Every structure is written in C-alpha cells, then in structure tokens.
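Analysis of the macromolecular model
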Amino acid sequence: HTPDHVRTESEQLEEDARNFLHELDVKGSEECTVATMTSWNYASDITEKHKKEKAAAELKYAEWEKEAWERVRKWNGKWETLSDPYLKRQFKFMSILGTAALPKHDLEKYNNLVTEMSTVYSTAKICDYKNPRSCKLELEPDLTKILRTSRDYDELEHVWKMWRYNTGRRIRDHYKLFVRLANKAAKLNGFDNMGDMWLYPYESDTFRDDLAELWQQLNPLYQQLHAYVRRKLRQKYGEHYVTRRGPIPAHLLGNMWAQNWGHIYDLAIPFPHKASLDVTPQMVSKGYTPRRMFELSEEFFVSLNLTRMPPEFWQHSIIEKPQGRDLVCHASAWDFCNAKDFRIKQCTEVTMNDLITVHHEMGHVEYFLQYQNLPKAFRDGANPGFHEAVGDVLALSVSTPKHLLKIGLLNEVQDDPEADINFLLSMALSKITFLPFGYLIDLWRWDVFSGKTLENDWNCAWWDLRYKLQGIKPPVQRSEYDFDPGAKYHIPGNTPYIRYFVSFVVQFQFHKALCIKAGEYDPLDPSKPLHKCDIDHSTEAGNALGDMLQLGSSKEWPEALEILTGTRKMDASVIREYFKPLELWLAKDNERHGEFIGWETDEILCTSEVVKKTAKSEEGVAASDGVVVGGGSA
Ligand SMILES: CC(=O)N[C@@H](CC(=O)O)C(=O)NC[C@H](CC1(C(=O)N[C@@H](Cc2ccc(O)cc2)C(=O)O)CCCC1)C(=O)O
Ligand SMILES: [Zn+2]
C-alpha cells in the first residue's frame, strides 16, 4: 500500500475505517461463536445448567455489542463522508444496537421471558385422546403424526385444543411483559415499536403496502383452492361439521396450525386413479435414513456446483431426535460465525415432508457457506426472506415427478394433463395454503407491538385474522383466556415471520430465473412449463444462484434480486404462472359443483371474556362484561 506521507486525508480516513471495522469484525465473530455455542447446547439439551449458561452468555454478548456500538458511534459524522459504499453500509448496520440497548436488568428479564416461553413450547406434552392416562404425547413426532394421519373429528379436536391449552394459555402473561420490554428496546434504537425494528432489514418504506398488494394478487387463487378443499372435506366429514359456505374447521387440515394442507392430499386428490406423488412409502421401503436424506440434499447442491457441507457439519449436526432428553425439536440451521462450524438440528422422520425440510435447512447452511468470508455485518441474507427461499427453490425441483423418478423414488412418470393437475394440487396444498398464514402472523404481531391490538383483544384479533385471511375457524369457541398465537413456535420463540411470506413469493422468481439458465423453462415452449422444471446438475443455474448468495447483505435486496432475475421487485405473477393450469381447473371444477367462493358465518368464534381484577376479590374473576361480539369472529 502507499506509504502514509503521500496519502490524502480522505484516503487516511478510509484506511483507518478499514482497520477499525476489521478489528471489530474479528472480535465480534469470536464473541458470536461463544454465544451461539451456549444457545446450541441449550436448544439441543434443555437443562437448568444449559439454561443458565445460555443466559450468562447472552448478557456477555450484549456487553460486547454495546461496547462495539459505542466505538462505532465515535465515528458518527465521519463514516458518512467515506466514499466507499461497502464501508458505509457496514457502519450503517453496526449503528443499530438491538435489544442490547436495554438496561441490564431489563435485558435479563427479556432474555429469560423468551427462553421461558420457548421452554414451555418445546417441552409441552398432552394426554392421549384414546388413553387419557397416558400424558406424554409431544408435538414432534406424536401430535404432528395425529394431525397428519387421523381422520377422527373428535380425536383431532382433542389434540388441537389440548396443545393450545398446554402452550398458548401458559405463556399469555409472559408475552404481556415481553411486548413491553421489546417496545422499550425498539424505542431505545429510535424505532416507534418492535414491529418497525423488525422491518428495518427490508430497507423499504413501502414494504407493508407492497405485501398487501402481493396478497391482493394471490387471494383469488387461495379462495378457489379453499372452496375446492372445503367441498372435499364436506364429503369426508359431512355438512354438519363442514358447511357449504362457512369457514373450514382448523383441525381438519392436516397441520396443527392449518398452515400447510399437504397431508390431506389423499382427501383432495383430483384424479385418484393416477399414481400417488407422496413418495414417503417408497422412502421407507427403500430403507431411507435421515442420514441418506441429508446426503441426497447435499448431492443436489453439489450438482449445482455449490459448496458441499464441511466435515464439522456431519460431525456436530443432530439429524435424529435424541432419546431421553428434552430438546427443541423444531428444525434449525446454525452458523457458528467461524467459517468452520455449521450445523442443522432436526428431529428428522423418514417422510417426503421432512425431505423437503432437509433441503430448506441445508439452504440456510449453503447461504452461510457462500457468504462466510464477508464481514460479519454482511453475513445475512439480502433480506430475511431470501434466506428462507434458498432451500425451498431446490425443493421445487426435487418435488417434480421427473426428479423423483431420477432419484428412484418414483418408478413411473405419467405425463398427461390429469397427472399434471394432481401434481399442481399437491404443490398448492403446501405453497398456496401457506400464503395467508405467512402474512397474518406478523400482521397480528405488528398490531400488538404498535398497540393497535390491545392486550384484552389479543386472541380474538388473532381469530379475526385467521377467519378473514384463511377462511378457517376454531373447532371450539375461543376466549381471552386462550392465547392461540402462543401455540405456534415463532411467537414464544420470538422469530419474525413475514420472511416466510416473502420467501414463498420470491422463491418462484428465483426458480424461474434458474430454470431459464438451466434451459428447463421456455415461456414459448408448452412442453417446458415452469412447474415441470428441474434444475439439478445445471452449473449455469448453480453459478447464478451462488453469485447472488455470495453477496450476503452487502447489497440492498432489490439489487441482489436483479442480479439473479433481472427485476428489482417482488412479483406475484410468477407463482400464479406456475399454478395457472391448476387455477383454471379449480375455477371450472368449483363452478361445475356450484361451490360458493369465499366464506361467511354468524358464529361467535371468539368471545372477549375479560379476566378482570375486581376491587373486592383479589383472584381474577372472569367478569364477562357481556361483550360477546357477533358477526364473524371477533
Ligand atoms: C439458528 C436459527 O434459528 N436459524 C434459523 C435460520 C436462519 O435464520 O438462519 C432457523 O433455522 N429457523 C428455524 C426454521 C424452521 C422451519 C420453520 O419454522 N418454518 C416455518 C415456515 C415454513 C414452512 C414450510 C417451508 O417449506 C418453509 C418455511 C414454519 O414451520 O412455520 C421448520 C421447518 C422449515 C423451516 C427455519 O429454518 O426457517
Ligand atoms: Zn428457514
């Protein structure tokens, strides 16, 4: 480099900035490794010892973040004058301190609340409907299996209700204090509330409007699918339980949260005489193991000329549920901030659904690997939705009958319009049904953080959204004694959720761009529709994806999107193009059956019974103030 005396002032400033940022980067990564390790130890083995170690490490990491932030602040007024945008962007990101801005005792309380809520969720057990004395049923694998396979209305209702009783109800008070502390932290960071702070990584002041616009474009397709599935469920369970024009009872959709209807495909299959697309039986009969599923996924990434999993990954990952201990079974991917140690923790079952999840988690690790040499401030997705989309993009190829045949999980592919509709319906039951759910979780949380939804209305506001966007209803009436949002991992786990809605839109944009590069999709060639594309073994596609992933969050996400797809905006027309043949078929089928599109009800889905502390008696008496709302849900 040039010797000091010939450098201009601004060059000197830039040199100092580089050295300053590098030093913080090294120390920050070391601190991150320690904190992540204690978090991993707790998540993979829930004990008092691990809980204490995690709490201590979180406070220590917050101390480091605060020290780093104060040192960055000394550069205020100077870093903005730097000419190199790469340096400025790092300073911009490092100027946001986060929850470490809270006073120590508040931060300790905040961290303990989140850990406590997660523990309640991850260790909750319920009693067996058929054997009330056996009370050890866990969400994974027991309740997930019942929701997936049982067709007993009352058994499903029992599991649905008791899960919520033993999770949501038990953390409602924790959540009240959590929201107050979260908002206090947001304000200390210059945001109005935590909802605004969560949107910061999207770097767009039209983001909420853009999301509302996307949902408007996708809602018609959802409504057609909803009407079709409701008819199939009415045929199965009868008109008393599933009415012609009403919302669908939430416990009949094959999933604890009605967020993915894929497991009732057998009730909804359009052309039953065609071969089934659920290759779970083949996976089992071929002796698939979780290890084999992970290797299959890695092979796909490598076939794209992307990076394989490092040795530490196979050494330290937990890919099967360990017996004899409590752990967080909810799948997750971990980056230990040292460009060496990357892991997945997943209680993997040998099912097709879990094969998709393996690709999803490995997609996170691939992103970690692609940006591992960037400064820590840039070791994130271009936005959180991009991070969620990587694995799902590969899974779109893996799910095609053509690919399943290639890897020996299908022994024949029927290439005809009816088989096509069957395939598109099976994809829609997990991709389209998810959209309203992926949108409403943070619609609800943003209103809670902003105070638009008051504590006494929390649960009925939740059911208002569940009814309006998903067209579902609770199997039993709910009240404000319940806290149904708390029965979904990401609420006690305090993980933002809009990233998944973003992912389900952009993953189809990524898919289309990669399919064009792989020569697998041509809008003018009817024999190469988007839904038949399989990009595996295409290094052109893999290199294009890698080029975007290597950017991390060093560029604003519209630029990263443009590098891969040529456009700078989220665009719902691509997912609609993918499902176009199905959309046409559903509209015709619904019309043929005179199905009512949409839903209505005069049932009271949720009563705002309020637990009031009366002056006279201390214990909270349920003083129902008679506000039993009519019309729809809340
Ligand atoms: C250390 C850490 O926490 N790391 C983060 C990753 C990171 O931020 O780097 C992480 O591992 N988060 C866990 C979370 C797990 C899953 C999830 O929660 N999915 C959503 C929605 C959905 C559903 C279907 C689908 O195909 C895609 C998404 C749900 O199940 O509701 C469960 C299985 C799938 C993904 C995840 O991987 O996103
Ligand atoms: Zn994910």
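Shown above is the structure to which this text applies.
Our subject in this report is the structure included herewith. Every chain is numbered on its own, with residues counted from 1 as its sequence reads. Key to labels: chains lettered from A, ligands numbered from 1, both in the order written. Two thresholds apply to this predicted model, a pLDDT of at least 70 for residue-level local features and 80 or more for giving and counting side-chain atom pairs, whereas whole-chain, interface and lining totals are computed over all residues. In computing side-chain properties, one takes all heavy atoms of the structure into account and sets aside hydrogens as well as water.

Defined by distance alone, a disulfide is two cysteine sulfur atoms within 2.5 Å. In the structure shown here, the tally under the stated rule is five disulfides. With its sulfur 1.7 Å from that of its partner, Cys32 forms a disulfide with Cys337. With a gap of 305 residues between them, Cys32 in helix H1 (residues 9-44) and Cys337 in the loop between strand E4 (332-335) and strand E5 (342-345) connect regions that are remote in the sequence. Of the two residues examined, Cys32 and Cys337, each falls in the buried class. Residue pairing for Cys460: its cysteine sulfur links by disulfide to Cys606, the two sulfurs lying 2.1 Å apart. One disulfide, between Cys460 and Cys606, carries an S-S torsion of -80 degrees and so falls in the left-handed class. Going along the chain from the N terminus, every DSSP run of H or I of four or more residues is numbered as a helix, and every run of E of two or more is numbered as a strand. When accessible area is computed with a 1.4 Å probe and restricted to protein chains, residues below 20% of their type maximum are described as buried, those above 50% as exposed, and intermediate ones as partly exposed.

What follows covers the site of ligand 1. Residue proximity to a molecule or strand is established when one non-hydrogen atom of the residue lies within 4 Å of it. Neighbouring residues of ligand 1: 18 residues in total, closest His330, Ala333, Lys488, Tyr497 and Tyr500. Between N or O atoms, a polar contact is any pair within 3.5 Å; within protein, one atom must be a potential hydrogen donor and the other a potential acceptor, and residues adjacent in sequence are included only when both atoms are from side chains. Contact distances for ligand 1 include 2.7 Å between an oxygen atom and a side-chain N or O atom of His330. For ligand 1, the protein covers 78% of the area, taking 740 Å² as the surface of the free molecule. By residue number, the principal contributor to the shell around ligand 1 is helix H14 (residues 352-370), which donates five residues. By residue class, the composition of the shell around ligand 1 is seven nonpolar, seven polar and four charged. Surface accessibility in these figures is a Shrake-Rupley result with a 1.4 Å probe; residues are shielded only by whichever protein chains are displayed. Only Asp, Glu, Lys and Arg are considered charged, only Ala, Val, Leu, Ile, Met, Phe, Trp, Tyr, Cys and Pro nonpolar, and every remaining residue, Gly among them, polar.

Distances define the donors: N, O and S atoms within 2.8 Å of the metal qualify, as do those within 3.2 Å of Na, K or Ca. Water is excluded, so some sites may look unfinished. The zinc ion (ligand 2) binds to the protein through His360 (NE2), His364 (NE2) and Glu388 (OE), with metal-donor distances spanning 1.9 to 2.0 Å. Each donor residue of the zinc ion (ligand 2) lies on the same chain, and together they follow the pattern H-x3-H-x23-E. Of the two residues, His364 sits in helix H14 while Glu388 sits in helix H15 (residues 384-398), which places them 24 residues apart along the sequence.

Here, a salt bridge means any Lys or Arg side-chain nitrogen found within 4 Å of an Asp or Glu carboxyl oxygen. Taken as a whole, this structure holds 51 salt bridges when the rule is applied. With its nearest N and O atoms 3.6 Å apart, the salt bridge here joins Glu48 to Lys51. Of this pair, Glu48 and Lys51 both sit in helix H2 (residues 48-73), separated by three residues, roughly a single helical turn. Across the pair Asp536 and Lys406 runs a salt bridge, and its minimum N-O distance is 2.7 Å. Of this pair, Asp536 sits in the loop between helix H20 (498-517) and helix H21 (539-549) while Lys406 sits in helix H16 (residues 401-406), and the two are 130 residues apart along the sequence. With a relative accessible area of 12%, Asp536 lands in the buried category. Through salt bridges that share partners, Glu48, Lys51, Lys52 and Glu116 make up one connected network.

What follows concerns the nonpolar core. As used here, the term nonpolar core means buried Ala, Val, Leu, Ile, Met, Phe, Trp, Tyr and Cys residues forming a set that is joined through side-chain atoms within 4.5 Å. Of all hydrophobic cores here, the largest spans 187 residues; its most connected members are Tyr175, Phe178, Leu211, Leu233, Trp444 and Phe579. Here, residues are in contact when the closest pair of their heavy atoms is within 4.5 Å. Every residue in contact with Tyr175, bar those within four places of it in the chain, is listed here: Met117, Trp444, Arg445, Val448, Trp458, Phe483 and Ile491. The next biggest cluster of nonpolar side chains, apart from the first, holds 17 residues, and it includes Leu24, Ala35, Ala68 and Trp75.

Moving on, we get to unusual backbone geometry. Here the bond from Glu140 into Pro141 is cis, since omega is 5 degrees, no more than 30 degrees from zero. Note that Pro141 resides in helix H5 (residues 139-149). For Ala258, which is not a glycine, the phi torsion comes out positive at approximately 60 degrees. Judged by its relative accessible area of 0%, Ala258 falls in the buried class. At Ala339, a residue that is not glycine, the phi angle is positive and equals roughly 55 degrees. Along the polypeptide, Ala339 turns up in the loop between E4 and E5.

On to empty space enclosed by the protein. A 1.4 Å probe that fits but cannot get out identifies a cavity on a 1 Å grid over protein atoms alone, an open set with protein on both sides within 12 Å along at least five of seven lines counts as a pocket, and a residue lines either if it has an atom within 4 Å of a point. Grid points are joined across faces, edges and corners, and a volume is the space filled by probe spheres set on the points. Per the counting criterion, the structure on display carries one cavity of 30 Å³ or more. By volume, the largest cavity amounts to about 30 Å³. The wall of the largest cavity is formed by Arg164, Trp257, Trp462, Trp463, Arg466 and Asp484. Here the residues of the lining of the largest cavity sort into three nonpolar, no polar and three charged.

Aromatic rings considered in pairs are described by the distance between their centres and by the relative angle of their planes. Whether two aromatic rings pair depends on their centres lying within 6.5 Å, for rings of Phe, Tyr and Trp, where Trp uses its six-membered ring; planes under 30 degrees apart make the pair stacked, over 60 edge-to-face, and the rest tilted. Within this structure, the stated rule accounts for 48 aromatic pairs. When the ring of Phe191 is compared with that of Tyr200, the centres are 5.7 Å apart and the planes differ by 75 degrees; the resulting orientation is edge-to-face. Assessed through its relative accessible area of 15%, Phe191 is described here as buried. By relative accessible area, Tyr200 is classed as partly exposed at 27%. Relative to Phe207, the ring of Tyr202 has its centre 4.2 Å away and its plane inclined at 20 degrees; by these criteria the two rings are stacked.

Attention now goes to H5. The set of residues buried in H5 consists of Leu139, Leu143, Ile146 and Leu147. Buried residues of H5 fall within an arc of 95 degrees about the axis and therefore sit on the same side. Looking at the buried side of H5, the elements it contacts are helix H4 (104-123), strand E1 (125-126), strand E2 (137-138) and helix H6 (153-166). Working definition: the arc comes from the directions between the helix axis and the C-beta atoms, pointing outward to the latter.

In short, geometric facts, not functional conclusions.
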